[in-house]
Amino acid sequence: TSSIDLSAVLSDLKLQLTNPGTWIGSKSFSGGSAFSSSSPVDGSTIGSVSSTTESEYEEVMQAATSAFKDWRTVPAPKRGELVRQFGNRLRELKEPLGKLVSFEMGKSYQEGLGEVQEMIDICDFAVGLSRQLHGLTMHSERPGHRMYEQYHPLGVVGIISAFNFPVAVWAWNAAIALVCGDVCVWKPSEKTPLCGVACQQILADILEENDAPAGLSCLINGDYKVGEWMTADKRIPMVSATGSIRMGKIVAQAVAARLGKSLLELGGNNAIIVSPEADIKMTVIGAVFGAVGTAGQRCTSTRRLIIHESIYDQVKEALVEAYKQLRIGNPLDENNHVGPLIDQDAVASYSKALEAAQKEGGKVLVEGGVLEGEGYQSGCYVKPAIVEAENHFHIVQEETFAPILYLLKYSGTVADAIEQQNGVVQGLSSAIMTQNLREAELFLSAAGSDCGIANVNIGTSGAEIGGAFGGEKETGGGRESGSDAWKYYMRRQTNTINYTTELPLAQGIKFDL
Ligand code: UN1
């Protein structure tokens, strides 16, 4: 099971070796220069995609804006019906799409399937939501007046997504945006463009089967310049961007300069606090999956363990033992735990981080290194490493998108551990392992974790779609996916209706004519 039948996957997903990169529903354009997508699994080229040209972008935006005019008046539950069908089609195509994700991005096949499952789940969530886009009613201070609020569709939503979740993060945005009455223009990562084309075609088929406007879902491809057209474009009221803090700052400033809205989901520097009252077995499972799952390339990956000194050696030894069991290799082989990094630039950042950690005084506990030879020809496979470090090290303060786990120590109470956990610029995910109710509740309190996600007795990664996903501080403040994240995809309107023959003014103001 370590290889995939690529031609079967491509044909199931209707992909070619040369694919158009610009799509309005199922209508495609390929005027721009092509760039190729290669697999970090074996280094092979999977296919290529054309870059979107400026005139193609203009066509996309015209189609999207005109589709919005129709879509916004379609009843929300009818919009939900379209998303329901999309979710069902994803159920049918779960295996080939999961394989493509695994092959193009390099995560394990199980995780590729898990990612498609997140798409299916968000579709189900969005279908239910389509009957619940409700506002509040208020009591007016004036007699014979009624006051309430409505949520209306917002417009064209620009989606910029990252390589590490090449299909799910788009689906979180698209499924919610579509039931909210918005239309989507999506720029996937340049590193995973075929996942983008595959998703576009699946949704485009559903649009056609329903005679829905093609411009409801558009795809554009290319480098940061293509992204800049969107961030500068006044026709796009909201840009939802997932990626690095560096990218997020550029997007936020460009969108804010025209007073648009941005929804940012940027880097994390996620820690698990391990209290003296932790269940060690659970801690090891949570920490190891969090640190090496997806080869450490989740926004929610566990980067730091903050361990109480009294159990430090015990946890350390258990981790070293667990790391010995890890099998690194082809992610399509289900015996392997750890697949490749996305590309050789990522390998270089990994190596640099390990060097930097040692220069700052870190002590390597589990040796890293780039793997060579049979099965590792792509040059993207690295060994998960563990380094004993201190929270203030520059390198520990940064998010390195690779399987490097820093062990930090705390003495004192859990409050000291929380201080270290919060002592970074990022604020995405966090966790505590403890069976002590007081520690757990303090961690979850206003004086506890400052992250958007805070877990007790599970790791930092693998959030469910039902909750709002995102984080604070330099993680960008956005919330996607479940809970009431949908509100960001709509515009709120307050309505006051007077059903009397008088016109009293609010605040008791008299204005007699
Ligand atoms: C991401 O890394 O951008 O919580 C998304 C998780 C996944 C989503 C991660 N459900 O780990």
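Residues numbered from 1 in each chain as written. Predicted model: local features only at pLDDT ≥ 70, side-chain atom pairs only at ≥ 80, totals over all residues.

Going by an unreviewed UniProt entry, the chain carries the name aldehyde dehydrogenase (NAD(+)) and comes from Aureicoccus marinus. The UniProt entry for the chain carries the following comment under Subunit (unreviewed entry): "Homotetramer." Taken verbatim from the UniProt record of the chain, the Sequence similarities (unreviewed entry) comment is "Belongs to the aldehyde dehydrogenase family." (UniProt positions renumbered as here; feature names shortened; annotations may be inferred.)

(A) Broad picture of the overall build of the chain. The helix and strand tally for the chain stands at 15 helices and 24 strands. Relative to the compact-globule value of 24 Å for 513 residues, the chain shows a C-alpha radius of gyration of 24 Å, a close match. The principal-axis extents of the C-alpha atoms in the chain amount to approximately 80 × 60 × 40 Å. Here the chain, with 513 residues, has 52% of them falling under the buried criterion. The long-range fraction of contacts in the chain, counting pairs at least 24 apart against all pairs at least 6 apart in sequence, stands at 73%. (Helix = DSSP H or I, 4+ residues; strand = E, 2+ residues; numbered from the N terminus. Rg over C-alpha atoms; globule rule 2.2 N^0.38 Å. Buried ≥ 20, exposed ≤ 12 C-beta atoms within 10 Å, placed from the backbone. Contact = placed C-beta atoms within 7 Å.)

(B) Broad picture of the nonpolar core. By size, the foremost hydrophobic cluster in this structure holds 145 residues, and its most contacted members are A175 and C218. For this core, the element with the highest residue contribution is helix α6 (residues 168-179), accounting for 11 residues. Grouped together as the second largest cluster of nonpolar side chains are six residues, C299, L428, I453 and F469 included. (Core = buried A, V, L, I, M, F, W, Y, C linked by C-beta atoms within 7 Å.)

(C) Examining the packing of helix α4 (residues 94-105) against helix α7 (residues 193-209) more closely. Axis separation between α4 and α7 bottoms out at 9 Å; the angle between their running directions is 165°. Regarding the angle of α4 to α7, the classification is roughly antiparallel. When the axes of α4 and α7 are compared, the crossing they make is left-handed. Each of L97, L100, V101 and E104 in α4 lies in contact with α7, whose residues at this interface are L194, C195 and A198. Per-class residue counts for the contact of α4 with α7 are six nonpolar, no polar and one charged. (Axes fitted to C-alpha atoms, helices over the stretch in contact; angles between N-to-C directions. Parallel < 35°, antiparallel > 145°, perpendicular 65-115°, else oblique. Left-handed = near helix turned anticlockwise from the far one by under 90°. Nonpolar A, V, L, I, M, F, W, Y, C, P; charged D, E, K, R; others polar.)

(D) Fine view of the sheet that holds strand β5 (residues 45-50). What the three strands build is an open sheet, ordered β1-β5-β4; its pairing is mixed. Unpaired on one side and paired on the other, β1 (18-19) and β4 (34-38) mark the two borders of the sheet. Examined bridge by bridge, β1 and β5 share two bridges and lie parallel to one another. Paired with N19 across the two strands is V49, which belongs to β5. With respect to the sheet, α7 is in contact with β1, β4 and β5, its orientation differing from that of β5 by roughly 65°. (Pairing = 2+ DSSP bridges.)

(E) Spatial organisation of the UniProt feature "active site" (unreviewed entry) in the chain. On the UniProt side, "active site" (unreviewed entry) is annotated at positions that read E265 here. By secondary structure assignment, the location of E265 is in strand β12 (residues 261-265). Ignoring anything within four residues of it in the chain, the contact list for E265 reads T242, C299, G470, G476, G478 and E480.

(F) Region of the structure containing the pairing of strand β13 (residues 270-274). The element β13 is largely enclosed, with a buried count of five among its five residues. Going residue by residue along β13, you find N270, I272 and V274 tucked away on one face and A271 and I273 tucked away on the opposite face as well. Across five bridges, the pairing between β13 and strand β14 (residues 302-308) is parallel. Its bridge partner being in β14, I273 is matched across the sheet by I306. As a crossover connection, the stretch from β13 through helix α10 (residues 280-292) into β14 is right-handed. Both β13 and strand β19 (residues 429-433) contribute to a ladder of four bridges, which runs parallel. If you follow A271 over to β19, its bridge partner there is S430. (Right-handed = clockwise from strand over helix to strand, strands pointing away.)

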